[in-house]
Amino acid sequence: MSAMQSRKEVKTLIVVPAYNEESNLSALIEKIKEEFAGIDIVVIDDGSKDKTSEVAGKLNIEVLQLPYNLGIGGAVQTGYKFALEMGYDVAIRLDGDGQHPPQEAKKLAEPVLRGEVDIAIGSRYLSGGNYKPELPRRVGTKIFSLIVSLMIKQKITDATSGFVALNRDAIKILCQEFPRDYPEVESLVILHRNHLRIAEIPVEMKRRGDGRSSIRGLKQAYYVVKVLLSLLIRMGEEKNVGGIVND
Amino acid sequence: MISLRIIIACISLVLIWSVAALVRKRKLKVEYSILWMTMGGVIVLLSLWPTLINIFVQVLGIYYLTLIFLVSFTFVLLMLIHFSTIVSRLSENEMILAQKQAILEWKLRKLMEDRGNK
């Protein structure tokens, strides 16, 4: 908090993507306001079928309403584009499902505000915290983290984490390129390619408000295949880029 | 055999004519008609000049039905890849448009509110 107060000129925006979160949203926004007094908040209603937009509209925050469901990547990128256009220096992504506790967001914002890193990622696995996803998910995250660590030559423990704070340089990059669905793992490679400084910060995360993830069954299989394939394609690219540089 | 070849050639000519008609009516864009036209053209050529098939069959050493199958399959595959690239481009554009629309709508709402307050 001290870092934030001493830099009044720095404009920070909290980006909250929300899809069918009418029941969770009010409590989350109240919590954010409690933790970050006077901060700007934008909710991106990703074409919800319930009253997410209506609920958000009454909370005295900004609401961007997408005409139809774009997927988490498309929704988050809308928030980043908004941040860029409205001249924000730092954006914090905090998912509308209540998975990312607002009090933990400060830990992410501080190194970015101090200018030490371009993007700070909240890791569930650095803290030895209470968060224990089911075994298959934990294994999946481990494998993704391992591959990404090798690709960006930096140890990553929680490559699937969407709990991030980023500065304007990182926002600019992700406005240009950000996968539409399941963007987290690939975006690490994108940021690294653009020579941005990435740091992982230990945070606590909660299970979703209603207890069930949106990624289940066949979707889960698609998730794994899609992310692995995009990493594989990026690896090929990396070699080409390297080759050109070496020549 | 000759009559069959003529029938196939006629069908292909009808295909080419239909594609051209669709383009004329602006129901199909020129860039998307090229592959269809090429396909029709190749079939007309092969049906009117079967020696061409025989040459290929002898050079490649395969049964001529296999050749026909291979040629048609390749075309269908090319067509599908072509469509996939179009769908990819469209979905990318569609997302950018939706994002822009959401931000513009927000700005418009702000503007209306400001005017309402004055």
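Residues numbered from 1 in each chain as written. Chains lettered and ligands numbered in written order. Predicted model: local features only at pLDDT ≥ 70, side-chain atom pairs only at ≥ 80, totals over all residues. Heavy atoms only, no water.

Topic: the confidence of the model for chain A
For chain A, per-residue confidence averages 87 on the pLDDT scale, and residues scoring 70 or more make up 87% of the total. The low-confidence segment residues 1-7 of chain A (pLDDT under 50) makes eleven contacts with residues lying over four places distant or belonging to another chain. (pLDDT = per-residue confidence, 0-100. Contact = heavy atoms within 4.5 Å.)

Notes on unusual backbone geometry
Not every positive phi belongs to a glycine, and Asn60 of chain A is a case in point at roughly 60 degrees. You can see Asn60 of chain A is positioned in the loop between helix 3 (52-57) and strand 3 (62-65). In the Ramachandran plot, Arg26 of chain B falls in the positive-phi region, its phi being about 65 degrees despite a non-glycine side chain. By the element assignment, Arg26 of chain B lies in the loop between helix 1 (2-24) and helix 2 (30-48). Its relative accessible area of 72% is what places Arg26 of chain B among the exposed residues. (Helix = DSSP H or I, 4+ residues; strand = E, 2+ residues; numbered from the N terminus. Buried < 20%, exposed > 50% of the residue type's maximum accessible area, 1.4 Å probe, protein only.)

A word on the pattern of salt bridges
Residue and element names in this part refer to chain A. Per the counting criterion, the structure on display carries 14 salt bridges over all chains. Among the salt bridges present, the one from Lys107 reaches Glu104, with a minimum N-O distance of 3.0 Å. Of the two residues, Lys107 and Glu104 both sit in helix 5 (residues 102-113), three residues apart, roughly one turn of that helix. Judged by relative accessible area, which is 37%, Lys107 ranks as partly exposed. Note on Glu104: relative accessible area 8%, which makes it buried. Here Arg124 ties to Asp158 by a salt bridge, and the two come within 2.7 Å at their closest N and O atoms. (Salt bridge = Lys/Arg side-chain N within 4 Å of Asp/Glu carboxyl O.)

What to know about the nonpolar core
All names here are of chain A. Residues Leu64, Tyr80, Val148, Leu166, Leu191, Ile198 and Leu231 are the most contacted members of the largest nonpolar core, which totals 47 residues. Residues within four places of Val148 in sequence aside, it is in contact with Lys153, Ile156, Ala159, Val185, Leu188 and Leu231. Within the second largest apolar cluster, 32 residues are counted, among which are Val55, Val90, Ala165 and Ile201. (Core = buried A, V, L, I, M, F, W, Y, C linked by side-chain atoms within 4.5 Å.)

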